[in-house]
Amino acid sequence: MMRKIVLAAALAIFSLPALAATQGEAEAALEAAQAAEAQALAAKAAWTPTEAALKKAGAALEAGEWDEAKAQADAALALARLSLEQASEQKTLWRNAVFR
Amino acid sequence: MITTKPRHARAILRIAACVLLLAAPARASEASADKPNPEMDRKAFQAFFFAKFPRVAKDEFGNGPYAVNEGVRKQWKEIMEFPPYEFALDDGKAEWVKPFANGKHYADCFDNKGEGVRQTYPRFIRETGQVETLEGAINRCRVENGEKPLEPMTGLMASLTAVMAESSQGKPFAITIPDDPRALNAYERGKEFFYTRKGQLGVSCASCHMSPAGERMRGDILAPALGILAAMPIYRSDWGAMGTTIRRISTCSSQTRAVPLAADDEDYRNLEYFLSYMSNGIPIVGPGTRP
């Protein structure tokens, strides 16, 4: 019984910092997302939901909500990467859609 | 050392000649498939729509959804008893005759004083090596005469293009692609934009305006790509205002959840060049109305 209590306490202690994002982590996530979105904009491949997620991440960062800021920034990064992937694939795939 | 008997050498030469002869036409057809052929594209493009809508007259395609759906056509006929673009047209006519500060007019910037020329836009301009839209030509006219350019999507610009469209009604699109590799490249880039899937929804212009044309997307009837720009500029109920071609294209971008490009972006101009060329032969019906 005592082993179980110790194990549960250890798990609780070690998992808490993993759940909460720090200011540094949120800022780093936002920076990475902004860089990826800048690439997408330069490639004329950006998506509006990415812009919306970046805006929310910036607002959360200003409000000191690090978890929310990091979550939104991570979502923006994923969307920006997908938009770049789409643009890259479509560079050749568009030809398959042409009516002949 | 490998030696080849004369008989074997002749056989090898014959085989090599056959391989070369068979491969040559294949390479030639690959090369011709890669080289842009706007006229061949236009014929295939138009044939697709004529086959899809056999009961729609060629001259009707400029009316978009109203050409292919009887229900919305009835509503449109009623709307056209008092066309919602009339006020904009009046504003445009007043602006058209108003002299610039230097005493010159818009008419001085265009062929035939701007009367009945809308069907020849967009144009490829040799000096810049780029495509110029009607809105671009109007703003160039203003700047060359010492005036500030107009906002290209709505307001006075839409009113001026409405005046030019009205004077061109019934004239078929007559877009030219000069024998210039830059013009062909602009056409090809426009074609690429039309068929490229974009935005989070992953759809292209063609995804909505080719095969699904005439079908419903939520409350709207999708307009056929053929003649889709012939009614521009349009009064769109959704906007509650007039808009130019570029406003409509920009709205389409947003609807696919893509970040719209700048109004005068080269990609948008090239798209308009491609789409207008595809509609060569379809009469101008603008200004128009859309839901």
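Anything mentioned here points back to the structure above.
Quick summary incoming for the structure in this document. (Residues numbered from 1 in each chain as written. Chains lettered and ligands numbered in written order. Predicted model: local features only at pLDDT ≥ 70, side-chain atom pairs only at ≥ 80, totals over all residues. Heavy atoms only, no water.)

## Here we look at the interface of chain A and chain B
Contact residues are listed per partner, giving 16 residues for chain A and 21 residues for chain B. Of the roughly 1,700 Å² buried between chain A and chain B on both sides combined, carbon and sulfur atoms contribute 62%. The three residues of chain A that bury the most area against chain B are A:K44, A:W94 and A:F99, which together make up 42% of that side's buried surface. Where chain A meets chain B, there are 3 salt bridges. Close ionic contact of A:K44 with B:D267 constitutes a salt bridge, the shortest N to O distance being 3.6 Å. Those elements that provide at least two residues to the side of chain A that touches chain B are helix 3 (48-62) and helix 4 (66-93) of chain A. Tallied by class, the residues present in the side of chain A that touches chain B amount to 9 nonpolar, 3 polar and 4 charged. (Contact = heavy atoms within 4.5 Å. Buried area = accessible area lost by both parts, 1.4 Å probe. Salt bridge = Lys/Arg side-chain N within 4 Å of Asp/Glu carboxyl O. Helix = DSSP H or I, 4+ residues; strand = E, 2+ residues; numbered from the N terminus. Nonpolar A, V, L, I, M, F, W, Y, C, P; charged D, E, K, R; others polar.)

## Description of the environment of B:D264
Relative to the helices and strands, B:D264 is located in the loop between helix 10 (245-255) and helix 11 (266-278). Residues B:D264 and B:T133, spaced 131 residues apart in sequence, show a C-alpha to C-alpha distance of 8.9 Å.

## Let's talk about helix 7 (residues 155-166) of chain B
In this model helix 7 of chain B runs 17 Å from its N-terminal to its C-terminal C-alpha over 12 residues, within 8% of the 16 Å that 1.5 Å per residue would give. Buried within helix 7 of chain B we find B:M157, B:A158, B:S159, B:L160, B:T161, B:A162, B:V163, B:M164 and B:A165. (Expected span 1.5 Å × (residues − 1). Buried < 20%, exposed > 50% of the residue type's maximum accessible area, 1.4 Å probe, protein only.)

## What to know about the pattern of salt bridges
Scanning all chains against the criterion turns up 19 salt bridges over all chains. Across the pair A:D74 and A:K70 runs a salt bridge, and its minimum N-O distance is 2.9 Å. With A:D74 and A:K70 both in helix 4 and 4 residues apart, this pair spans about one turn of that helix. With relative accessibility at 25%, the residue A:K70 sits in the partly exposed group. The partner of B:R236 in a salt bridge is B:D238, with the nearest N and O atoms 3.3 Å apart. Given a relative accessible area of 5%, B:R236 falls into the buried group. Linked by salt bridges that have partners in common, A:R95, B:D41, B:E188 and B:K191 make up one network.

Shape is all these values report; function is a separate question.
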